[in-house]
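Chain and residue survey
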Amino acid sequence: MPLFNARLITNLPEDYSFSEPVPTQEPERQEYFTELCRNYVETNREKGINLTYAIVTFGCQMNVYDSERLKGVLEKMGYTEAEEREANLVIFNTCTVRENANQRLYGHLGQLKPRKKTDPNFMIGLCGCMMQEPKVVAKINESYPFVDFLFGTFNLHRLPELLFYRLQGNKRMIEVLPEPKEHVEIKGAKRKYPFKSGVNIMYGCNNFCTYCIVPYVRGRERSRTPEDILQDVRELSEEGVREIMLLGQNVNSYGTNYMEESKIVSENPDYGFPELLTDVCKIDGIHRVRFMTSHPKDLSDKLIDVIVRNPKVCRHIHLPVQIGSTRLLAAMNRRYTKEGYLALVDKIRTALPEVSLTTDIMVGFPGETEEDIDDTIDVVRRSGFDQAFTFIYSPRTGTPAATMEQIPEDIVKTRFQRLLDVVNEVAHERCGRFEGQTKEVLVEEENVQLEGYLTGRTEENILVHFPGNKELIGKFVPVKLSESKGFYYIGVCENPASAE
Ligand code: SAM
Ligand code: SF4
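Residues numbered from 1 in each chain as written. Chains lettered and ligands numbered in written order. Predicted model: local features only at pLDDT ≥ 70, side-chain atom pairs only at ≥ 80, totals over all residues. Heavy atoms only, no water.

When helices and strands are tallied, the protein shows 13 helices and 22 strands. Here the protein has a C-alpha radius of gyration of 24 Å; the compact-globule value for 500 residues is 23 Å, and the two agree. With the C-alpha coordinates of the protein rotated into their principal frame, the extents come out at 65 × 60 × 50 Å. For the protein, buried positions account for 55% of its 500 residues. Long-range pairs, those at least 24 residues apart, make up 74% of the contacts in the protein with a sequence separation of at least 6. Within the structure as shown, the protein displays about 22,000 Å² of accessible surface, and the carbon and sulfur contribution to it stands at 50%. Charged side chains in the protein number 62 positive and 74 negative. The centres of these two groups are separated by 2 Å. (Helix = DSSP H or I, 4+ residues; strand = E, 2+ residues; numbered from the N terminus. Rg over C-alpha atoms; globule rule 2.2 N^0.38 Å. Buried < 20%, exposed > 50% of the residue type's maximum accessible area, 1.4 Å probe, protein only. Contact = heavy atoms within 4.5 Å. Areas by Shrake-Rupley, 256 points an atom, 1.4 Å probe, with all protein chains shown as cover. Lys, Arg positive; Asp, Glu negative; His and termini not counted. Charge placed at Lys NZ, Arg CZ, Asp CG, Glu CD.)

This next bit is on the nonpolar core. If you look at the biggest cluster of nonpolar residues, it comprises 69 residues, and the most contacted ones within it are Leu246, Phe273, Leu277 and Ile317. Ranked by residues supplied to this core, first place goes to helix H13 (residues 409–431) with six residues. Setting aside anything within four residues of it in sequence, one finds Leu246 in contact with Val199, Ile201, Val251, Phe273, Leu277, Val280, Val289, Arg290, Phe291 and Met292. In terms of nonpolar packing, the next biggest core, distinct from the first, is built from 29 residues, Val41, Met77, Leu89 and Leu163 among them. (Core = buried A, V, L, I, M, F, W, Y, C linked by side-chain atoms within 4.5 Å.)

Of all residues adjacent to ligand 1, which total 15 residues, the nearest are Gln249, Pro320, Gln322, Asp360 and Ser394. A distance of 3.1 Å is found between an oxygen atom of ligand 1 and a side-chain nitrogen or oxygen belonging to Arg98. At a separation of 3.0 Å, a nitrogen atom of ligand 1 approaches a polar backbone atom of Tyr211. Here ligand 1 has 560 Å² of accessible area as a free molecule, and 91% of this is covered by the chains. For the shell around ligand 1, the secondary-structure elements that each account for two or more residues are strand E16 (356–363) and strand E17 (387–392). A breakdown of the residues in the shell around ligand 1 according to their chemical character gives seven nonpolar, four polar and four charged. (Near = heavy atom within 4 Å. Polar contact = N/O pair within 3.5 Å; in protein donor to acceptor, adjacent residues only side chain to side chain. Nonpolar A, V, L, I, M, F, W, Y, C, P; charged D, E, K, R; others polar.)

Working definition: an aromatic ring pair is given by the centre-to-centre distance plus the angle between the planes. Scanning all chains against the criterion turns up 20 aromatic pairs. Each ring, one from Tyr211 and one from Phe365, has its centre 6.4 Å from the other, and the planes form 85°; the classification is edge-to-face. Of this pair, Tyr211 sits in the loop between strand E9 (202–203) and helix H6 (214–218) while Phe365 sits in the loop between E16 and helix H12 (370–383); the two residues are 154 residues apart in sequence, bridging distant segments of the chain. Looking at Tyr211, the relative accessible area reads 10%, which means it is buried. Taking the relative accessible area as the measure of exposure, Phe365 reaches 0% and is therefore buried. (Phe/Tyr/Trp six-rings, centres within 6.5 Å; stacked < 30°, edge-to-face > 60°.)

Around ligand 2, a shell composed of Cys205, Asn207, Phe208, Cys209, Tyr211, Cys212, Val214, Pro215, Gln249, His295 and Arg334 is seen. Tallied by class, residues from the shell around ligand 2 come to seven nonpolar, three polar and one charged.

Burial runs high along strand E5 (residues 123–128): six of the six residues are buried. Relative to E5, strand E4 (residues 89–94) runs parallel, the two sharing six bridges. Its bridge partner lying in E5, Phe92 is registered against Leu126. You can see the chain leave E4, run along helix H3 (residues 99–118) and come back into E5, and the turn it takes is right-handed. (Pairing = 2+ DSSP bridges. Right-handed = clockwise from strand over helix to strand, strands pointing away.)

Another aspect to go through is the environment of Glu409. Within the element layout of this structure, Glu409 appears in helix H13. For Glu409, a relative accessible area of 57% puts it in the exposed group.

The strand order around the closed barrel formed by five strands is E18-E19-E20-E22-E21, and the pairing between neighbours is mixed. The average undirected angle you get between the axes of adjacent strands in this sheet is 55°. Sheet topology note: the strand E18 (residues 438–446)/strand E21 (residues 476–484) ladder contains five bridges and is antiparallel. Across the sheet, Val441 pairs through a bridge with Val477, a residue of E21. (Axes fitted to C-alpha atoms, helices over the stretch in contact; angles between N-to-C directions.)

Turning next to the side chain of Ser237. Of note, Ser237 is situated in helix H7 (residues 226–238). Residue Ser237 is classed as buried on the basis of its relative accessible area, which comes to 16%. Aside from chain neighbours lying at most four places away, what touches Ser237 is Ile283, Asp284, Gly285 and Ile286.

The first and last C-alpha atoms of H13 sit 32 Å apart over 23 residues, in line with the 33 Å expected at 1.5 Å per residue. Within H13, the full set of buried residues consists of Val412, Arg415, Phe416, Leu419, Val422, Val423, Val426, Ala427, Arg430 and Cys431. (Expected span 1.5 Å × (residues − 1).)

Spatial strand order, E8-E11-E14: three strands in an open sheet with parallel pairing. Each of the sheet's edge strands pairs with one partner strand only, and the pair in question is strand E8 (196–200) and strand E14 (288–292). With strand direction ignored, the average angle separating the axes of adjacent strands in the sheet is 20°. In terms of strand pairing, strand E11 (residues 243–247) meets E14 through five bridges, oriented parallel. Within E14, the residue paired with Glu243 across the bridge is Arg288.

This paragraph deals with the packing of H7 against helix H8 (residues 273–281). Where H7 contacts H8, the two axes come as close as 10 Å, and the packing angle between them is 30°. Here H8 runs roughly parallel to H7, going by the angle between their axes. Read as a crossing pair, H7 and H8 show a hand that is right-handed. For the pair formed by H7 and H8, the contact residues are Pro226, Ile229, Leu230 and Val233 on the first element and Leu276, Asp279 and Val280 on the second. In the contact of H7 with H8, the residues fall into six nonpolar, no polar and one charged. (Parallel < 35°, antiparallel > 145°, perpendicular 65-115°, else oblique. Left-handed = near helix turned anticlockwise from the far one by under 90°.)

Below is the structure:
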């Protein structure tokens, strides 16, 4: 069995008879199937059955954003959102970056199985990165026959067609593509926050870090055209979105490759990420712009200059280091050194002294020694990270590092704790630097733990809880950061009337 999907896997019926010609082009084809699903939901409603859905998302910001778009599609069909334990349709948008994400999916499926026996309307769908691995599809086929449909990362937009065939009583529907044929954007997301949104600027990754499965399950890097992205941002602004997060596995290489009629064409040397960021900032109504993720090897002086000159760009850069040792960085194929990373941090801090820097760090990569952890701790202290997401290395079948000699679990755990103690100490110190200052906060929601409090974020992405009226949600307010609690602040909004 190939490790990654190399051929189209599908069992969609070819002989289904429709009363009228079905559109062959996208997005018209999926709009057609959306309407058919809508009729199904409506017929049920007339019988007194109100069909509901839940989407359970594992993994990164990109999956979160994809799920918001799938929710938009289901709402267009007339489904209403519900909790996972009550919904008639549960879709899992999966992640396979680490093995524990895979295990979480199987855990959820085991829990839902009994409902298949008691609820005739109950359906389970799977999509996302895990489905691009043939061994996963084989395991689902063998051990989880009650799953109703599954699809991969390259055909997210085809949910209506798959769902329609399944709702018609066909057997389990499967469609996984080996590579993208076209990219069809799904319009009309149902966002968690109406005032902020992610926007994908590119898909896939070309970097092939030796531990990482993303290039295999998300495909080669493809940038969206600037026209499409800017049009999306304009539309979001008109809908009332004030904060945009530009998303890509390595936004700094935006514009290197574009997708055109099933081929990836390169390259547009005159229009890269700095130019795109500048143009996004020019759009009226957008107040803050964030981006994620920046690969250190590609973060240019030009980009730093654009950030300095554009107050709309948030003073926060997520810059994954992975490990502090030059030797292991080479084994990981990261294409920068410890010294190169520290020089980049210096350059950023000189240009943007107030910036908040966050990172990803991995412990337990094959060949790691105590000295490599010392190097990493040195980088953490010298870079002064505001936050670091720390991961235990997880071997991914098919990646080069999975075939290397692995480090025993107990050693990894001890090293992980040693690193975590320093990460927490540094983050704690860094967070306190704004104590007593007043910062603009975008208010996100009511605080669930502290009654009468709201929660928001500064442009540095620092969480602030402060007493306030829920009318302020979605607005920018000045908040005095009275007390640092290590990773967040307790604040006071002295002038709620100035909210905008
Ligand atoms: N493209 C981003 C970059 O290069 O920084 C990161 C994308 S990846 C989904 C997010 C993080 O997961 C990585 O920065 C890395 O720290 C972690 N990660 C990736 N593969 C991993 C693995 N096999 N085991 C543990 N952590 C992993
Ligand atoms: Fe994975 Fe490296 Fe690509 Fe990030 S840059 S998605 S870590 S291969």
